[in-house]
Structures are given as C-alpha cells and as structure tokens.
Amino acid sequence: MGQDRSNGQGLSRRQFLGLGAGAGAGLLLSACGGTSAPPGTGESAGGAFGSGTEYTGPNVELAFWNGFTGGDGPFMRKLVDQFNAEHQNIKVSMNVLMWADFYPKVPTAVQSGNGPDIAIMHIDQLATNAARGVVIPLDPVAEVLQLQQDDFAPAVWQAGIYKEKRYGIPLDVHPLLFYYNNKVLQQAGLSGPPTDRQSFEAALQAMKSKGVQSPFWVTSTWPAHLMWMSLNWQFGGQLYNDDASQAMFNTDAGVQALTWMVDNVKQGYSPKNVANDAQAIAFRQGKNPLTWDGIWMMNEWAKVKSLDWGAAPIPQIGSQQAVWASSHNFTVTKQAASDGNKAQAAKVFIKWISDHSIDWAKAGQVAARKTVRESPEFTQLETQSIAAKELDFVHFPPAVPGIGEITTPTFELAVNKAVLGKQSPKAALDEAAKKANDLLAANRKKYGA
C-alpha cells in the first residue's frame, strides 16, 4: 500500500502509521488563519465538477501525488503513462513521496497552490483532511460516474463519508492475510491451513512436536497492532464508542485479544522480543511457518523461489470473523477545485484508473469495485481472490478527524509493552485508553468537532 515492508515497501507503511501527532501538527499549521468551516464543504465545491465523463477542454496538467514508494509504485506509474498516452489533452504528472513525508506536506503545498490536484490517501486520513479543507467532497464525481455502494464493499464505501459527504473514491482494499509454509504444514501432518482457534492452536502443537522451534512469531512492533485490532474485533470489541469520544481498548475483548497474543510467546510458539521485520525474514527463510501480514507482502514472498507458501483468510480466533484492513482512496484537492478544467480532468482520470483497477490489483491489492473483482482476470489472481473473501468482515477506524494520530501512542504502544512482558495486557490497555481519551478530547477542540 505503499505500505509494503522491508525492501522498500513496509518501511513507508510503518512510517505512515507511526506519524502520530506530528502529522496532525502539520495539518494544523497548514490550516492556521483559515475558517472553521472547511473550504469545499459547501455547494461551490460540487460546482467545480462539470457534467459528463469526458474532458474536451484545452490542454491541462494535473499533479498527482501518492506514497507508492515500494513495489507497487511501478504499477501505478505504468497506469499513469497509459492514461497520458490515451488522453492527448490531459497530462498527469505523478509525484511519489514516502507516506511519512506525504501527509504533513500535502496540506501546506495545497494551500500555496503548489501541491497535488489529485492525491491518494488512506481511508483513515480522509476525515482529517476534509476537516482542514485540504480535499473537497466527491459526491458529484460519484454521481456522474455512477459509482454506487452496490459496486463496492459496503464497509469501504461508507468509510469514505465524513459529515454526510463523500471525500474518497475507493481504489482498493488491503487487508491482513494469513500466510503459511506448505512444506512445514505437510510435515506436521496438516492437510490445509487452520481456520479457527482450535485448529490454529492444534497446528502450533503439531509443528512444535515435529521439531519446529517457533511456528508463529508474534512481533512486539509492526504488524502486531494490526493483529491485535483484528483479534479485538473478533472477540466482539471496538476501538472507540459510537461517536469516537471514548476509547474502548481495555474492554474484555481487547484484553482477551492481547492475552492470546502474549500467550503464544509464553507458550514458546513465538520467540521473545521479535524485532521489526524479523518475522517476515524468518518466513522467507522457512523458520516462521505461520505469519499474519498484509496482502502487499504477496509479491515479496513470490521473489523467494525456494519458498512454497500459501495464503488464507485470518483464522477466526474469537467469536466472529473480523480483520484489519485499509484502503487507498482517490481525493481531489481544493487546489484543483479552483480550476474547472482541472476538476473535470481529475474526474476523467479517477474514472479511468478505477475502470483499469485490475492492473492495480496485480500490485498486491484487492480491487475495491465488485465488477472488477468478479471479472475473469481478477479470479485468476489467486492471493487477491483469497483476500477478497475477507471483504465481508473488514473493519476500518471511524471517520473522525485526527483518528490516525491516536494509534501510535496508545494501543500500538500497549501491544508492544504487553508482548515484551513489560506490562500485563490489562494494565497496558488501561493506560492506552486513558491516553487515548485525552487525545480524543484534544482532537475535538483542534478540529472543531
């Protein structure tokens, strides 16, 4: 997702999720002196987009920014080049930054008129940038392009709405997946990947009995908090209450989820103190036969010719199926809204990439559009098709400004402390919830909610 891992991918994703308050500060600075009512939330924003799905105006240049610095970058650049070749009156220039630089830089650049006209943003950043007037509502775009919820997974379609207006057009969904080593699975006498708690724990015991020292490495850092979020939802928990005014990290569900992770370390199924990317390196080397990681890792595993691996949905450890996911969304900035030609051309570009998102799916993504996922070409993408099975139970953070600033100093830190044995799961999550409530209150003042 531009969130790939070591070797160029994961680093940028970890940096993005670790932005914390720094990103919020960058957004605040860019908004200083502005009105509390974001530009672009009124009717004038919708008027920026003309009717029709084609652009017949004079030559226009569009600045397109994203954070695809990893293995996904070449896929998007190829699509942009193809679009430019087919549209003589539109030239799209793609600028790629690390996500950690992207989110603080975009608001200031847009305000000065030197930023992107179109930008890719993760779904948990939409409300923040909408509240600060960086991006404009896209309801007119969705309407003209006839994009409706029926052609998208409901969760990802609804997650792009803030204050009853749409700010993102989903391009993809990228969930956590369960990867396994076929050879080790067979050596342990298992006919296929485990699907629930009983079969997963039985698989760990079977592998241990066959001499596999550490069959399931639980990290104390990335992607441990993504695992915990998935498990928290599986045990029936939520990250926040309905209006995201209070954290719910420390409910019984959250504690059960974190306790299960910690128990895997205590029982010797995982080494202690697993460092960043160590579990991914161990999976490549065949030392970590079961691992949970993002769909974007599929192309990294494929590079290891000696690795016989498979993918499956995340096992249901709790009482219900659930999995963490994120999504790349197209946004249009207020910079483009000031120019009718740019706004119309931006709409044409978004439609074209969305229509060609099967080619983007090959980068290691699940196409957001159902019509693309049901195409024969997508069904031939084995890992992506497996990940698509999770779309019925993916979860996203609430569409609240500043929500991305809460993760790192709260439950991500709590997971780290508990897995390292520095605090009990309950104590770590209690501390995280208290910190989160303070940050949520501060965000309500900061963003005028």
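Residues numbered from 1 in each chain as written. Predicted model: local features only at pLDDT ≥ 70, side-chain atom pairs only at ≥ 80, totals over all residues. Heavy atoms only, no water.

> Give me the nonpolar core: which residues, what numbers.
The biggest cluster of nonpolar side chains holds 150 residues, and the ones touching the most others in it are W228, F249, M261 and W292. Sequence-distant contacts of W292, defined by excluding residues within four places in its chain, comprise L176, L177, F178, F200, F216, P223, M227, L231, W260, I314, P315 and I317. (Core = buried A, V, L, I, M, F, W, Y, C linked by side-chain atoms within 4.5 Å. Buried < 20%, exposed > 50% of the residue type's maximum accessible area, 1.4 Å probe, protein only. Contact = heavy atoms within 4.5 Å.)

> Would you mind going over the layout of surface pockets in detail, with residue names and values included?
Roughly 280 Å³ of volume is contained in the second largest pocket. Taken together, the residues of the lining of the second largest pocket break down into 10 nonpolar, three polar and two charged. (1 Å grid on protein atoms, 1.4 Å probe; cavity = no way out; pocket = protein on both sides within 12 Å on 5 of 7 lines; lining within 4 Å. Points joined across faces, edges and corners; volume = space filled by probe spheres on them. Nonpolar A, V, L, I, M, F, W, Y, C, P; charged D, E, K, R; others polar.)

> Which residues make up helix α10 (residues 197-209), and what values go with them?
The terminal C-alpha atoms of α10 lie 18 Å apart, and with 13 residues this matches the ideal 18 Å at 1.5 Å per residue to within 8%. Within α10 the residues assigned to the buried category are F200, A203, L204, A206 and M207. Along the axis of α10, the buried residues cluster in a sector spanning 165 degrees; they form a single face. Structural note: α10 exposes Q198 and S209 on the side pointing more than 90 degrees away from its buried face. For α10, the elements touching its buried residues are β7 (172-181), α9 (182-187), α12 (252-266) and β8 (290-294). Trailing α10 by a residue or two, G211 shows a phi angle of about 95 degrees, which is positive. (Helix = DSSP H or I, 4+ residues; strand = E, 2+ residues; numbered from the N terminus. Expected span 1.5 Å × (residues − 1). Arc of directions from axis to C-beta.)

> Provide a residue-level description of the packing of aromatic side chains, including the pertinent values.
Scanning all chains against the criterion turns up 30 aromatic pairs. Ring plane angle 85 degrees and centroid distance 5.9 Å describe the contact between F68 and W99, whose orientation is recorded as edge-to-face. One end of the pair, F68, is in the loop between β1 (60-66) and α4 (73-86); the other, W99, is in helix α5 (residues 99-112), and 31 residues separate them in sequence. When its relative accessible area of 2% is taken as the criterion, F68 is described as buried. With 6.0 Å between their ring centres and 50 degrees between their planes, F216 and W260 make a pair best called tilted. Residue F216 is found in the loop between α10 and α11 (224-234), and its partner W260 is found in helix α12; the two are separated by 44 residues along the sequence. Owing to a relative accessible area of 0%, F216 belongs among the buried residues under this scheme. Between the NZ or CZ atom of R166 and the centre of the ring of W157, over which it lies, the distance is 3.6 Å. (Phe/Tyr/Trp six-rings, centres within 6.5 Å; stacked < 30°, edge-to-face > 60°. Lys NZ or Arg CZ within 6 Å of the ring centre and 35° of its normal.)

> Residues and numbers for α12, please.
Between its first and last C-alpha, α12 extends 20 Å over 15 residues, near the 21 Å set by a 1.5 Å rise per residue. All buried positions along α12 are accounted for by A253, G254, V255, A257, L258, W260, M261, V262, N264 and V265. Check the buried side of α12 and you find it contacts α10, α11, β8, α21 (408-419) and α22 (425-446). Backbone geometry just downstream of α12 places G268 in the positive-phi region, at approximately 85 degrees.

> Which residues make up the sheet that holds strand β6 (residues 169-170), and what values do they have?
Overall, mixed pairing links the five strands, which are arranged β2-β1-β3-β11-β6 in an open sheet. The open sheet terminates on both sides in strands that have one partner only, identified here as β2 (90-96) and β6. Pairing of β6 with strand β11 (residues 328-332) involves two bridges; the strand directions are antiparallel. When the sheet's bridge partners are listed, I169 is paired in β11 with F330. Packing against the sheet, helix α16 (residues 340-355) makes contact with β1, β2, β3 (118-122), β6 and β11, and its axis sits at approximately 55 degrees to β1. (Pairing = 2+ DSSP bridges. Axes fitted to C-alpha atoms, helices over the stretch in contact; angles between N-to-C directions.)

> Give a description of the environment of V212 that names residues and reports values.
Topologically, V212 is positioned in the loop between α10 and α11. Under the relative-accessibility criterion, V212 is labelled buried at 18%. Expressed as a C-alpha distance, the spacing of V212 and N288, which sit 76 residues apart in the sequence, is 8.6 Å. Contact partners of V212, with chain neighbours within four places excluded, come to V184, M207 and P289.

> Lay out unusual backbone geometry in plain terms, naming residues and giving numbers.
Note the cis peptide between W222 and P223, where omega equals 0 degrees. With respect to the helices and strands, P223 occurs in the loop between α10 and α11. If you check the backbone angles, Q146 has positive phi at about 55 degrees while not being a glycine. With respect to the element layout, Q146 can be found in the loop between α7 (139-144) and α8 (154-158).

> For the packing of α21 against α22, give the residues involved together with the corresponding values.
Contact pair α21 / α22: the axes reach a minimum separation of 8 Å and the direction vectors enclose 165 degrees. The angle between the axes of α21 and α22 places the two elements in the roughly antiparallel class. The two elements α21 and α22 meet at a crossing, and its hand is right-handed. Contacts between α21 and α22 pair P409, T410, F411, A414, K417 and A418 from the former with P425, A428, L429, E431, A432, K435, A436 and L439 from the latter. (Parallel < 35°, antiparallel > 145°, perpendicular 65-115°, else oblique. Left-handed = near helix turned anticlockwise from the far one by under 90°.)

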